[in-house]
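# Examination of the molecular architecture
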Amino acid sequence: MKTIGVLGLQGAVQEHVSHIDAVGCKSVVVKTVEQLEHIDGLIIPGGESTTMRRFIDQYGFLEPLMKFGKQKPIYGTCAGMVLLANRLAGGEKPHLQLIDITVKRNAFGRQRDSFEAKLNVKAMETPFPAVFIRAPFVEEAGANVEILAEYEGHIVAARQDHILVTAFHPELTDDTRFMKLFLQMVKLNKSASTL
Ligand SMILES: NC(=O)CC[C@H](N)C(=O)O
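Described in the following lines is the structure provided in the data block. Note that this is a predicted model, so its numbers are computed, not measured. (Residues numbered from 1 in each chain as written. Predicted model: local features only at pLDDT ≥ 70, side-chain atom pairs only at ≥ 80, totals over all residues. Heavy atoms only, no water.)

Assigned secondary structure in the chain consists of five helices and 12 strands. On C-alpha atoms alone, the chain measures out to a radius of gyration of 15 Å, which is about the 16 Å that the 2.2 N^0.38 rule sets for 195 residues. Dimensions of the chain, computed from the C-alpha atoms along their principal axes, are close to 45 × 40 × 30 Å. Expressed as a percentage of the 195 residues in the chain, the buried residues total 55%. Expressed as a percentage of contacts within the chain between residues at least 6 apart in sequence, the contacts between residues at least 24 apart total 66%. Total accessible area on the chain stands at roughly 9100 Å², and carbon and sulfur atoms take up 49% of it. Between the averaged position of the 22 positive side-chain charges in the chain and that of its 22 negative side-chain charges there is a distance of 3 Å. (Helix = DSSP H or I, 4+ residues; strand = E, 2+ residues; numbered from the N terminus. Rg over C-alpha atoms; globule rule 2.2 N^0.38 Å. Buried < 20%, exposed > 50% of the residue type's maximum accessible area, 1.4 Å probe, protein only. Contact = heavy atoms within 4.5 Å. Areas by Shrake-Rupley, 256 points an atom, 1.4 Å probe, with all protein chains shown as cover. Lys, Arg positive; Asp, Glu negative; His and termini not counted. Charge placed at Lys NZ, Arg CZ, Asp CG, Glu CD.)

Take a look at the structure:
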């Protein structure tokens, strides 16, 4: 059985745990660097990327997360997508730099702080109910990035190798198709956990 961790420093952790359980995997809330050795994939949840980055530094997670993401799958939702991007718009400093995208934070503007949209997602037969909360979008993606979904002309779901990102929050719905997609990526990945 595959074990999927959720970075438990800040944000929507518990909702992801429920989705991991729902797709038949073992879930772990990751609060220490050592726990990274025992998981097959990691989710970086939504929340506030600047706050999460502070905790990442405080608990010594920066290097270990960069190393983990070079070998094993990571799925970032919303703030998690901000943390994974190679570049941030507006001259902000990037964080983990594990996927070749430029991300614009809070990109949908004040009037549309939170909204739900039915999205057409590549390889999903019916639209996905996407919940956006002060969401970022992908402003620019490198040639090796696979675009999975767009909303109003902006990329909101993408993947490169074993890194998956969504600007929205699948964990706040009961639709587990993104978790299933991530699980497929975990199963295809060659680096098994040490447990
Ligand atoms: N729901 C979210 O994760 C919001 C993300 C937040 N606006 C950020 O930039 O970090």
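Time to look at unusual backbone geometry. Here Cys 78, not a glycine, exhibits a phi torsion of approximately 55 degrees, which is positive. Its location among the elements puts Cys 78 in the loop between β4 (74–77) and α4 (79–84). Positive phi is not limited to glycine here, since Asp 161 has a value of about 50 degrees. Among the secondary structure elements, Asp 161 is positioned in the loop between β11 (154–160) and β12 (163–166).

As a matter of local geometry, the ligand sits amid Gly 46, Gly 47, Glu 48, Ser 49, Cys 78, Ala 79, Arg 105, Asn 106, Ile 133, Arg 134 and His 169. In this structure, Arg 105 approaches the ligand through a side-chain N or O atom, which is 2.7 Å from an oxygen atom. Note that a nitrogen atom of the ligand is positioned 3.0 Å from one of the side-chain N or O atoms of His 169. Taken by itself the ligand offers 300 Å² of open surface, and the protein chains cover 98% of this. Considering only residue class, the shell around the ligand consists of three nonpolar, five polar and three charged. (Near = heavy atom within 4 Å. Polar contact = N/O pair within 3.5 Å; in protein donor to acceptor, adjacent residues only side chain to side chain. Nonpolar A, V, L, I, M, F, W, Y, C, P; charged D, E, K, R; others polar.)

Attention shifts here to the side chain of His 19. Mapped onto the elements of the fold, His 19 is located in helix α1 (residues 13–22). With near-sequence residues (within four places) excluded, His 19 lies in contact with Pro 170, Glu 171, Thr 173, Asp 174, Asp 175, Thr 176 and Met 179.

As enumerated under the stated definition, the model contains 13 aromatic pairs in all. An angle of 45 degrees between the planes, with centres 5.7 Å apart, marks the rings of Tyr 75 and Phe 182 as tilted. Of this pair, Tyr 75 sits in strand β4 while Phe 182 sits in helix α5 (residues 177–188); the two residues are 107 residues apart in sequence, bridging distant segments of the chain. We note that Tyr 75, like Phe 182, is buried. Connected via pairs of aromatic rings, a cluster forms that spans Phe 108, Phe 115, Phe 128, Phe 132, Phe 137, Tyr 151, Phe 168 and Phe 178. (Phe/Tyr/Trp six-rings, centres within 6.5 Å; stacked < 30°, edge-to-face > 60°.)

So, on to the nonpolar core. Nonpolar side chains tend to gather and get buried jointly when the protein is soluble and globular. Leu 42, Phe 132 and Val 156 are the most contacted members of the largest nonpolar core, which has 69 residues in total. Looking at which element gives the most residues to this core, the answer is α5, with seven residues. (Core = buried A, V, L, I, M, F, W, Y, C linked by side-chain atoms within 4.5 Å.)

Structural measurements only, silent on function.
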